[in-house]
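Descriptive structure summary
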Amino acid sequence: MTKRQSRCADSTITVNLDAIVANWRFLDSLSAPSTKTAAMVKANGYGLGSGAVATALAAAGCPLFFVASLGEAIELRRHFNKIGINDISIMVLHGAQIGQEDALTAHQLVPVLNDLEQISRWQLFANKTGMTLPALLHFDTGMTRLGLDVDQADWLIQNRGALDGLGIAYVMSHLVSGELADDPVNARQLASFNELRSWFAGVPASLANSAGCLLGTDYHFQMTRPGIALYGVHPLETRIPNLQSVFDWQARILQIRMAAAGDRVGYGGTFELQRQSRIATIGVGYADGYRRQLGGKATVSIGGNTAPVIGRISMDSITVDVTDLDQNSLRAEYASLIHDAYPIEAMAADLGTISYEIMATLGQRADWHYQGGSF
Ligand SMILES: *Cc1c(COP(=O)(O)O)cnc(C)c1O
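Residues numbered from 1 in each chain as written. Predicted model: local features only at pLDDT ≥ 70, side-chain atom pairs only at ≥ 80, totals over all residues. Heavy atoms only, no water.

**Things to note about helix H6 (residues 116–129)**
The following threshold applies: By definition, any uninterrupted DSSP run of H or I lasting at least four residues is a helix, any uninterrupted run of E lasting at least two residues is a strand, and each is numbered from the N terminus. Helix span, as expected, comes to 1.5 Å for every residue beyond the first. Burial classes follow relative accessibility: with a 1.4 Å probe on protein chains only, a residue under 20% of its type's maximum area counts as buried, one over 50% as exposed, and anything between as partly exposed. N or O atoms within 3.5 Å of each other form a polar contact, as long as, within protein, one can give a hydrogen and the other can take it, and as long as residues adjacent in sequence are counted only when both atoms are side-chain atoms.
The terminal C-alpha atoms of H6, which comprises 14 residues, lie 20 Å apart, in line with the 20 Å expected from a rise of 1.5 Å per residue. Where H6 is concerned, the buried positions are Gln 118, Ile 119, Arg 121, Trp 122, Gln 123, Phe 125 and Ala 126. For H6, the capping residue at the N-terminal end is Asp 115, with a side-chain oxygen 3.2 Å from the backbone nitrogen of Glu 117.

Following this line, the structure appears as structure tokens:
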């Protein structure tokens, strides 16, 4: 949940909660006033601390939160209870698994029902308890991952009684390639979803993740579900000027040393210096989520100047060529690991991954700071 500040750490991650709120407001402004903008805080708020993120967003007026698992949902509910925030819907993407029914109702959680078995389980429980139980219905329109497939959807449309006792708050689906604005798959999914929706007249609908929020109002329906864009990552190829960057990852400069031409740097001696050089050793490594594949690719920013990461990434440190930095910059105590000249999207490209994966595995060992929000 909210990451604790550990002190004494060599790397720090500062999360700007006001920027997260500003990004949520921006995404919210893209859709009609009647469209609600939920917040995706699964995987501990994309690694940034779901408690802090959710508190800030709830205080800003966000009433709907999504997480992946029941465990995440219970943790979030307890957090909201503890700080006295009520009237928040928490929706569980993985739905009602066997044996989870009591916990879901006890914590007032709303499962996203992904197949007929989950629907019947939730309905049985509604009958047993005599309560009308809330749920979302998830239809698979092309992802082949979670959600009712075409046959199950057809069956449900013919057998509406399967939903008796359930309060279906939304029907939803999920975009396969939303981040590729021109991909024809988007329009195909939109058409399938609109057709499905027509069978559930009067039930609100939801299709858009962050990328979907940017695809236009056709994709918004009654609720959008952005995640990554809240955290300042640009979901489409084109950068969106209104999205603010949300977190700052810095690490302590442990030592600056001179080295001769011909000296080799780091494990395996893979990097040979071509000139007399000044090398800064920085206290972050693969144990902090600074991935090993970044050696020889990444840059850091020190005192506003860019310096290349050379040699292999160690568990606890990296080595940076600071030969070209001026004396003033060399007095800096910290290096920024993600910076204007090396944004998270560039780091993700160098790693052959996406920003989501970098964020979700960020600094277990870092000193976490939160700015703004209601703290
Ligand atoms: C993770 C997720 C989202 C949010 O996706 P982003 O790309 O982070 O905006 C929305 N809907 C579902 C079903 C998801 O699993």
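**As for the pattern of salt bridges**
Note that side chains of opposite charge can pair when their charged atoms are close. The condition that has to hold: Salt bridges are defined by distance alone: a side-chain nitrogen of Lys or Arg within 4 Å of a carboxyl oxygen of Asp or Glu.
For the structure shown, the criterion picks out 8 salt bridges. Here Glu 272 and Arg 264 are joined by a salt bridge, their closest N and O atoms 3.0 Å apart. A residue is classified by how much of its surface remains accessible, and Glu 272, at 35% relative accessible area, is partly exposed. Here Arg 264 falls in the exposed class, since its relative accessible area comes to 52%. For Arg 275, the salt bridge identified is with Asp 321, shortest N-O distance 3.3 Å. Residue Arg 275 is located in the loop between strand E13 (271–272) and strand E14 (277–282), and its partner Asp 321 is located in strand E17 (residues 318–321); the two are separated by 46 residues in the primary sequence. Note on Asp 321: relative accessible area 12%, which makes it buried. When salt bridges that share partners are traced, they join Arg 275, Asp 321 and Asp 324 into one network.

**Details of the site of the ligand**
Counted only if it meets this: When we say a residue is near a molecule or strand, we mean one of its heavy atoms is within 4 Å of it. Accessible areas in this description were obtained via Shrake-Rupley with a 1.4 Å probe; residue shielding takes into account the shown protein chains only.
Around the ligand, a shell composed of 14 residues is seen, among which Lys 42, Tyr 46, Ser 210, Ile 228 and Tyr 356 lie nearest. Residue Ser 210 places a side-chain N or O atom 2.5 Å away from an oxygen atom belonging to the ligand. Note that a nitrogen atom of the ligand is positioned 3.0 Å from one of the side-chain N or O atoms of Arg 225. In isolation the ligand has 390 Å² of accessible area, and contact with the protein removes 94% of it.

**What about the packing of aromatic side chains?**
Each aromatic ring pair is described using two quantities: the centre-to-centre distance and the angle formed by the ring planes. To keep it simple, the criterion reads: Stacked, tilted and edge-to-face are the three classes assigned to paired rings of Phe, Tyr and Trp, where Trp is represented by its six-membered ring and a pair needs centres within 6.5 Å; plane angles under 30 degrees give stacked, over 60 edge-to-face, the rest tilted.
Inspection of the entire model under this criterion finds 8 aromatic pairs. Summarising the aromatic geometry, the rings of Trp 368 and Tyr 370 are spaced 6.4 Å apart at their centres and angled 20° between planes, so their arrangement reads as stacked. A relative accessible area of 1% places Trp 368 in the buried class. Through pairs of rings, three or more aromatic residues link up here, namely Tyr 46, Tyr 231 and Tyr 356.

**What to know about unusual backbone geometry**
With a phi angle near 50°, Ala 43 is a residue other than glycine that sits in the positive phi range. Residue Ala 43 is classed as partly exposed on the basis of its relative accessible area, which comes to 38%. Positioned with a positive phi, Asp 87 is a non-glycine residue whose angle comes to about 60°.

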